[in-house]
Amino acid sequence: MAVGQQRELFRRWTTATNAHPHEALLGILALLHAASSREVRLLRVDDIDPAGRTVRLGKRPHPVPLDPASWSVLQRCVAHRENQHTDNPHVVVTRITKTGRAPASPAYISHVLDPCGIPPRTLRCTRLAALVIVLDPKLLAAALGMEPEGVMIYLADHVDRTRLPDTLTEKSP
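My aim in this report is to walk through the structure given alongside it, one point at a time. None of these values were measured; they are calculated from a predicted model.

Digging into the packing of helix 2 (residues 21–33) against helix 6 (residues 120–134)
Look at helix 2 against helix 6: their axes get within 6 Å of each other, and the N-to-C directions meet at 25°. By the angle between their directions, the pair helix 2 and helix 6 is classed as roughly parallel. Taking contact as the criterion, the partners of Leu 26, Gly 27, Ala 30, Leu 31, Leu 32 and His 33 in helix 2 are, on helix 6, Pro 120, Leu 123, Arg 124 and Arg 127. Counted by class, the contact of helix 2 with helix 6 contains 6 nonpolar, 2 polar and 2 charged residues.

Structure representation (structure tokens):
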């Protein structure tokens, strides 16, 4: 995704009021924290640490610290959940799941971002591609609870010329 489009979506989810709280949460967590749809779908209220402003996402070994914008979006989603008067332990609660304890369906989550026209996977891949270029791929995989091979594919189209030996970066006559 182009940087301009990312900025536009960021503003939609953090300053505009027309985006549904579920859309804003999935969008921001995918765009800024490389969260998968599954991680957001399974996020529970008890995964949130208000004192540390962190959340536990999926198989990640450590809580994810949230920036002020992400924290605000999360709080908006939690408030939306509380307005539904539910005992469902998940953050994303739908009309169908509010009477039970099951997470939102994968089908529901896959369509949450339809109003903005970007699939969740595109947002996550955009963030992963940016992170794998500046971080060690193995460390990134460990931090996200992924297998190293899972992040290596994001390096396929990127060559950092500054890391190549001088003999390989010189132009031929």
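Considerations on the sheet that holds strand 2 (residues 54–55)
Reading across from one edge, 1-2-3 is the order of the 3 strands in this open sheet, with antiparallel pairing throughout. Looking along the sheet, the strands with just one partner apiece sit at the ends: strand 1 (48–49) and strand 3 (64–65). Sheet topology places strand 1 next to strand 2; 2 bridges connect them, and they run antiparallel. Directly across from Ile 48, in strand 2, lies its bridge partner Val 55.

Some details on the side chain of Thr 97
Checked against the element boundaries, Thr 97 lands in the loop between helix 4 (68–83) and helix 5 (106–111). Of the residues examined, Thr 97 reaches a relative accessible area of 10% and is grouped as buried. If near-sequence neighbours (up to four positions away) are discounted, Thr 97 is found in contact with Asn 88, Ala 102, Pro 103 and Ala 104.

Digging into the nonpolar core
Of all hydrophobic cores here, the largest spans 32 residues; its most connected members are Trp 13, Leu 25, Val 55, Leu 74, Val 91 and Leu 123. Listing elements by their share of this core, those giving two or more residues are helix 1 (3–14), helix 2 and helix 4. Sort the elements by how many residues they give to this core and helix 2 lands first, with 7 residues. Beyond its immediate sequence surroundings of up to four residues, Leu 123 is in contact with Met 1, Leu 9, Trp 13, Gly 27, Ala 30, Leu 31, Leu 113 and Ile 118. Listed in part, the 8 residues of the second largest apolar core include Leu 128, Leu 140, Leu 144 and Val 151.

Digging into the pattern of salt bridges
Under the definition given, this model contains 3 salt bridges. A salt bridge links Glu 23 to Arg 12, with the nearest nitrogen and oxygen atoms 2.5 Å apart. One end of the pair, Glu 23, is in helix 2; the other, Arg 12, is in helix 1, and 11 residues separate them in sequence. We classify Glu 23 as buried; its relative accessible area is 2%. Among the ionic pairs, Asp 46 bridges to Arg 44, the shortest N-O distance being 3.6 Å. On the accessibility criterion, Asp 46 (58% relative accessible area) is exposed.

Re helix 7 (residues 137–144)
Burial in helix 7 covers these residues: Pro 137, Leu 140, Ala 141 and Leu 144. One side of helix 7 holds all its buried residues, which, seen down the axis, span an arc of 100°. Exposed residues lying more than 90 degrees from the buried face of helix 7 are Lys 138 and Leu 139. Buried residues belonging to helix 7 abut helix 2, helix 3 (37–41), helix 6 and helix 8 (148–152). In the segment just after helix 7, Gly 145 is the residue with positive phi, at about 70°.

Definitions and cut-offs
- Residues numbered from 1 in each chain as written.
- Predicted model: local features only at pLDDT ≥ 70, side-chain atom pairs only at ≥ 80, totals over all residues.
- Heavy atoms only, no water.
- Axes fitted to C-alpha atoms, helices over the stretch in contact; angles between N-to-C directions.
- Helix = DSSP H or I, 4+ residues; strand = E, 2+ residues; numbered from the N terminus.
- Parallel < 35°, antiparallel > 145°, perpendicular 65-115°, else oblique.
- Contact = heavy atoms within 4.5 Å.
- Nonpolar A, V, L, I, M, F, W, Y, C, P; charged D, E, K, R; others polar.
- Pairing = 2+ DSSP bridges.
- Buried < 20%, exposed > 50% of the residue type's maximum accessible area, 1.4 Å probe, protein only.
- Core = buried A, V, L, I, M, F, W, Y, C linked by side-chain atoms within 4.5 Å.
- Salt bridge = Lys/Arg side-chain N within 4 Å of Asp/Glu carboxyl O.
- Arc of directions from axis to C-beta.

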